[in-house]
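# Remarks on the overall topology
Chain residues, written in single-letter form:
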Amino acid sequence: MSGRGFLKSRLAQVAPKQPEEPAKPEEPPKLAALPPTDIPKIPIASTSPQTLVAGNQQVARGRRAMLANIAQGISSPKLCDDVSTKFSNIDLGSVKDIVRPTISPEHKKAEESTLLKQPQTQIVDIPAAKEEKSPVICRVLKNSEKDTYQMTQLSSNYIRIKLEEDKGIYEYRVDFNPPVDAKSARFFLLNEHKDLFPVKTFDGTVLYIPKMLPQNVTTLVGRLRDESEVTLTITFKRKNLLRECIHFYNVFLRTIMKILGLVEFGRSCYDQNKRILIPEFKLEVWPGYITTIDEFENGLYMCAEVSHRVLRVQTVLQIMTDLMMNSKNTNTDSKQEIMAALCGSTVITHYNRKTYRVDDVDFTMNPLSTFDQNGVEVTYKDYYKKMYDVEIKNLQQPMLITKPKKKDINSKKVNDLGICCLVPELCNLTGLTDAMKSDFKLMKALQQHTLVTPEVRQNAIIEFVNRINGHEVASKKFRDWGLMMRPVPVKMEGPVYKRETILLGNNIRKQVGMNMDWGMDVAKNAMFVAVNMFNWAILYNPKDESTAKSFCKQLAICGRPLGMDINPPKPIKVNGTTPEVFVSTVNNTVKNNPEIQLVVIIFPNQREDRYNAVKRICCSEIGIPSQVIISRTLAKPERLQSITQKIALQINCKLGGACWAVDIPLKNTMIVGIDVYHEKGKQMSSVVGFVASMDKTFTEWYSVAAMQRSTHQELMKSVQDAFHKVVIQFKAKNGLLPEKIIIYRDGVSDGDLKQVEEIELSDLIESFKSYPGNYNPMVSLIIVQKRINTRVFQYVNEKYSNPSPGTVIDSTVTRRNYFDFFLVSQHVRQGTVNPTHYIVLKNGCNLSVENVQRLSYKLCHLYYNWCGTVKVPAPVQYAHKLAYLIGQNVRQMPSDGLCNSLFFL
């Protein structure tokens, strides 16, 4: 059985274009036995997008209706032969039943009770472009597959947008005779006919209106201010397809946000009137929304995510004054402290409700400085008084420098140097500093307002839609363009995959609990692959000697149940705290003991330059696994055991062991994770992290890192070189090249999907042909997107709650032209869980929808730094950790001797 999304994308590529013919009755569909690599031909009904006709019966499309009918015991004649697959617990043998459709309730009562009273206008669902209609696939299921997942009622933060039947976006060309060059004159002439175009968007040449004119060519006559006549010829071009209207709808939505009085921060809008004050930390929280409109599988939807923005109550001038006072007490350069604290931050100016990025601080300027305004020298003090009626009190404060946005280039505030100057007294900083983020009490106070439950989140979205519908101007604009939103979040059904079984040492199997935490099971049983520590050293400052001894003793105790035999280490005292002292001590320790397995370093405190120096010599220059621990982490005796257990698991991975495994019955398959780290402040510098599995249990990983400039050619070459290394390593270990390669790649935005699919992937597959024996593996590429605004909720008894781990949304709000799905892999105790978006750009391995979803979910169990599931598949998380360590700390290529272990954990 091939998956819905895969066939949806592949049929569009392989199906030949047929000439238009009158619809003919179709014969009953017949499915024959197919090899796993074939693409089944699915007959597509020409009469209805919802059903296939089989005799006098209608055959269900979609897994949801099928499962509902199976539960009711409905069956029909056998139409399919054996179809096999190689995935655990999914046996696609002879298919005996094909099921009829059922329609799940759409919660009409809830919708009707919340609808606002609107004029009785005929509303229709916005259709997709005819040439892009995706095939609907009849899915079949054996009884033995029932236990792999169960269906549940779900909801998401999407609102359906509907369109009046006779409205859309109609494009017209406007010609002027005699020609009119001035754009302002063109607008003037067209605005003389407001009765004909009460609602329009005009750029000087192209006119967009929501309703078609009676004639294809309309001729009008207008008069300029000098009373000269101009003939306007308005010619109909076309009705824009839905995919061409997406940008217009999103710009239109921005206009609605401004009408509602929301303040724009980047792509988000926030409500200043509903701000929440946190006086004890001099902060305020602004609630808001992140909204986007796009076309999805079931039509046009608005995604609305609840967001929060943190602002400082103090002005920038007050913060600068505090920094100057602190610098006097510490004998540091106050200007450097101010520059470090402000440059790169975002400020808001309340007088015009705009945000700016601070690029510099000019200490030679003040509010009495002047700039050229229409040929007249004006001071900033007089400018703000005249334009905003704001009186600047401190006339000696320095000025903030910001590079203007494109839309502000022609602003009067931009001086002749092309920069915009802001007064610190009138600015407030946004966001949190690193020191604030490390303040436990502050973060706890913020979480009370920002970590909202699913019920509160969905109610906020419903309130937002009601706010638009209830606003006279905003609702009129919606009606003018024929749009309608009902305050009812989308509902759908989705599968919840069963909990996995964790494999430990000595053939012990433990099923994962509801909270997705198997830490207790790991601590009491041997690891899947345990590595003994017979030769290792521990480095510490003399002040931390007692801490080091307690740790070594506890490590030996914790190692026994884990299956690790740990000998006493060689203790080495480090007389000093500087990076140079620790580096030289590590270097001497390894030189005196070349066979040493691991170096453990206890730092007296947290210091980034010292950590970077030690990691650089261990990971790059010497090539030895290292474990760095901060002294205070081991200072509390009551937590020493739990912390030491986690450190023991990390050490085992760094030595080449594996803590646990899960059943993934794919043969001769290599799973790859790719992520890219971009260094802050240097947009052209990046590190590619590349991690690939080497064994059949997917517990042994080989890593490759590449430092480069972020150009397209170098990125492609780095990926191809990394593939060359890991494929050769795979053959050296297993005796043959991998037959299947499944790639999970992070760091790809929606705008780059086509480039990755058409250029990078094709070049990668082409590069395999240069291998001996005309190597041609089956390749699947899955894009992983974790920074998304989609939320998934369980909807039971008209209540919203967090869904169970393993929940999937693969319909309704998924992409029309991609095989994609949303997977919830984690369990959260507070707030709302975040799903991960998976886009299958190529399914060369011919895995079914269920197999891709289950494989992705299984891989979320294999990240050894956490005894639970993580948000993304383990190889992606490993690639992220590798790229971050090399790019942020080591800044050199790692030693080849460490590539066969998870040294970067």
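Residues numbered from 1 in each chain as written. Predicted model: local features only at pLDDT ≥ 70, side-chain atom pairs only at ≥ 80, totals over all residues. Heavy atoms only, no water.

### Some details on the overall build of the chain
Across its full length, the chain holds 21 helices and 39 strands. For the chain, with 905 residues in total, the buried portion stands at 52%. Look at the contacts in the chain between residues 6 or more apart in sequence, and 72% of them connect residues 24 or more apart. When the accessible surface of the chain is summed, it comes to about 43,500 Å², and 50% of that surface belongs to carbon and sulfur atoms. (Helix = DSSP H or I, 4+ residues; strand = E, 2+ residues; numbered from the N terminus. Buried < 20%, exposed > 50% of the residue type's maximum accessible area, 1.4 Å probe, protein only. Contact = heavy atoms within 4.5 Å. Areas by Shrake-Rupley, 256 points an atom, 1.4 Å probe, with all protein chains shown as cover.)

### Structural notes on helix α17 (residues 637–654)
At 3.6 residues per turn, the α-helix brings residues three or four places apart onto the same side. Taking 1.5 Å per residue, 18 residues should reach 26 Å; α17 reaches 26 Å between its end C-alpha atoms and fits that length. Restricting attention to buried positions, one finds in α17 the residues Leu 640, Ile 643, Thr 644, Ile 647, Ala 648, Leu 649, Gln 650, Ile 651, Asn 652, Cys 653 and Lys 654. Tucked into the core, α17 has its buried residues touching α13 (519–524), α14 (545–562), β28 (598–603), α16 (608–622) and β29 (626–630). Following α17 by one or two positions, Gly 656 has its phi on the positive side, about 105°. (Expected span 1.5 Å × (residues − 1).)

### What to know about the side chain of Gln 650
Looking at the secondary structure, you find Gln 650 in helix α17. Setting aside residues up to four positions removed in sequence, Gln 650 forms contacts with Gln 627, Asn 865 and Leu 905.

### A few points about the pairing of strand β38 (residues 819–824)
Within β38, six of the six residues are buried, which leaves it mostly tucked inside the rest of the structure. Going residue by residue along β38, you find Phe 819, Phe 821 and Leu 823 tucked away on one face and Asp 820, Phe 822 and Val 824 tucked away on the opposite face as well. Summarising the sheet, strand β37 (residues 807–809) and β38 pair through three bridges and their orientation is antiparallel. Residue pairing across strands places Val 808 opposite Leu 823, the latter belonging to β38. Bridge count for β38 against strand β39 (residues 836–843) is five bridges, and the pairing is antiparallel. For Asp 820, the partnering residue across the bridge sits in β39 and is Ile 839. (Pairing = 2+ DSSP bridges.)

### Re the nonpolar core
Residues Trp 660, Tyr 744, Tyr 864 and Tyr 878 are the most contacted members of the largest nonpolar core, which totals 87 residues. Counting residues per element, this core draws most heavily on helix α21 (residues 874–890), which supplies nine residues. Counting residues in each nonpolar core, the second largest holds 36 residues, with Val 726, Ile 743, Tyr 818 and Ile 839 among its members. (Core = buried A, V, L, I, M, F, W, Y, C linked by side-chain atoms within 4.5 Å.)

### Overview of the environment of Gln 458
Turning to its location among the elements, Gln 458 is positioned in helix α11 (residues 454–470). Note on Gln 458: relative accessible area 0%, which makes it buried. On a C-alpha basis, the gap between Gln 458 and Ser 801 in space is 9.9 Å, while along the polypeptide they are 343 residues apart. In this structure, Gln 458 is in contact with Ser 155, Ser 156, Asn 157, Pro 489, Phe 793 and Tyr 800, ignoring residues within four places of it in sequence. A polar contact of 3.2 Å, which involves the side chain of Gln 458, links it to the backbone oxygen of Ser 156. (Polar contact = N/O pair within 3.5 Å; in protein donor to acceptor, adjacent residues only side chain to side chain.)

### A word on the side chain of Ser 475
Within the secondary structure, Ser 475 sits in helix α12 (residues 472–480). Among the residues examined, Ser 475 registers a relative accessible area of 8% and is labelled buried. Here the side chain of Ser 475 touches His 471 through a polar contact of 2.6 Å, landing on its backbone oxygen. Here Ser 475 is in contact with Ile 468 and Asn 469, once residues within four sequence places are set aside.

### Let's talk about the packing of helix α6 (residues 316–330) against helix α7 (residues 334–342)
A packed helix pair is summarised by two numbers, namely the angle formed by the two axes and the spacing between the axes. Relative orientation of the contacting elements α6 and α7 amounts to 135°, with a least axis distance of 9 Å. Considering the angle they form, α6 stands oblique to α7. Crossing geometry of α6 relative to α7 is assigned as right-handed. Contacts between α6 and α7 involve Val 316, Met 320, Leu 323, Met 324 and Ser 327 on the former and, on the latter, Ser 334, Glu 337, Ile 338, Ala 341 and Leu 342. By residue class, the composition of the contact of α6 with α7 is seven nonpolar, two polar and one charged. (Axes fitted to C-alpha atoms, helices over the stretch in contact; angles between N-to-C directions. Parallel < 35°, antiparallel > 145°, perpendicular 65-115°, else oblique. Left-handed = near helix turned anticlockwise from the far one by under 90°. Nonpolar A, V, L, I, M, F, W, Y, C, P; charged D, E, K, R; others polar.)

### Things to note about the pairing of strand β7 (residues 206–209)
Where strand β5 (residues 170–177) lies against β7, four bridges are found, and the strand directions are antiparallel. Residue pairing in the sheet places Arg 173 in a bridge with Val 206 of β7. Pairing of strand β6 (residues 201–202) with β7, which is carried by two bridges, proceeds in the antiparallel orientation. Residue Phe 202 lies in a different strand from β7, and its bridge partner there is Leu 207. Adjacent in sequence and paired antiparallel, β6 and β7 are bridged by three residues, among which Gly 204 carries a positive phi angle near 110°.

### Focus: the sheet that holds β29
The strands making up a sheet associate through hydrogen bonds between their backbones, and the pairing can be parallel or antiparallel. Reading across from one edge, β27-β26-β28-β29 is the order of the four strands in this open sheet, with parallel pairing throughout. The outermost strands of the open sheet, each flanked by one partner alone, are β27 (570–573) and β29. Adjacent strand axes in the sheet meet at a mean angle of 20°, parallel and antiparallel pairs treated alike. The sheet contact formed by β28 and β29 spans five bridges and is parallel.

### Some details on helix α10 (residues 440–450)
The complete set of buried residues in α10 reads Leu 442, Ala 445 and Leu 446. All buried residues of α10 lie within an arc of 95° about the axis, which places them on one face of the element. Seen from the buried face of α10, the exposed residues on the opposite side, beyond 90 degrees, are Phe 440, Lys 441 and Gln 448. The inward-facing, buried residues of α10 contact β12 (276–278), β13 (283–296), β14 (299–315) and α9 (434–437). One side-chain oxygen at the N-terminal end of α10 lies 3.2 Å from the backbone nitrogen of Lys 441; it belongs to Asp 439. (Arc of directions from axis to C-beta.)

### What about the confidence of the model for the chain?
Overall, the prediction assigns the chain a mean pLDDT of 81, with 81% of residues at 70 or greater. Of the regions scoring below 50 in pLDDT, residues 1–144 engages in 257 contacts with residues more than four places distant in sequence or in other chains. In this model residues 409–417 is a low-confidence stretch, pLDDT under 50, and it forms 21 contacts with partners more than four residues away in sequence or in other chains. (pLDDT = per-residue confidence, 0-100.)

### A short note on the pattern of salt bridges
In the structure shown here, the tally under the stated rule is 28 salt bridges. Ionic pairing is found between Asp 663 and Arg 509, a salt bridge with its closest N-O pair at 2.7 Å. Here Asp 663, found in the loop between α17 and β30 (669–678), pairs with Arg 509, found in strand β25 (residues 509–511); they are 154 residues apart in sequence, far enough to count as distant. Of the charged contacts, one joins Glu 766 and Lys 769 as a salt bridge, the two residues approaching to 3.5 Å between their closest N and O atoms. Residue classification places Lys 769 among the partly exposed residues on the basis of a relative accessible area of 43%. Each of the salt bridges in this network shares a partner with another, and the network as a whole consists of Lys 381, Lys 385, Asp 389 and Glu 391. (Salt bridge = Lys/Arg side-chain N within 4 Å of Asp/Glu carboxyl O.)

### As for the sheet that holds β7
In spatial order, the strands read β6-β7-β5-β9-β8; together these five strands make up an open sheet with antiparallel pairing. At either end of the open sheet lies a strand with only one pairing partner, and these are β6 and β8 (217–223). Alignment of β8 against strand β9 (residues 229–239), held across seven bridges, turns out to be antiparallel. When the bridges of β9 are listed, Thr 219 appears paired with Thr 233. Relative to β9, helix α4 (residues 183–191) is tilted by about 85°, and along the sheet it contacts β5, β6, β7, β8 and β9.

### Here's the deal with the environment of Glu 455
Tracing the sequence through the fold places Glu 455 in helix α11. Judged by its relative accessible area of 23%, Glu 455 falls in the partly exposed class. Taking the C-alpha atoms as reference points, Glu 455 and Asn 802, separated by 347 residues in sequence, lie 9.2 Å from one another. If sequence neighbours within four positions are ignored, Glu 455 has contacts with Lys 799 and Tyr 800. A distance of 2.8 Å separates a polar side-chain atom of Glu 455 from the backbone nitrogen of Tyr 800.

### Observations concerning the packing of aromatic side chains
Under the defined criterion, the tally for this structure stands at 40 aromatic pairs. Where Tyr 149 meets Tyr 497, the ring centres are 5.4 Å apart and the plane angle is 70°; that geometry is what we call edge-to-face. Highlighted residues: Tyr 149 in strand β4 (residues 149–164) and Tyr 497 in strand β23 (residues 483–497), separated in sequence by 348 residues. Given a relative accessible area of 6%, Tyr 149 falls into the buried group. With a centroid separation of 5.9 Å and an interplanar angle of 65°, the aromatic rings of Phe 248 and Tyr 249 are classed as edge-to-face. Note on Tyr 249: relative accessible area 3%, which makes it buried. (Phe/Tyr/Trp six-rings, centres within 6.5 Å; stacked < 30°, edge-to-face > 60°.)

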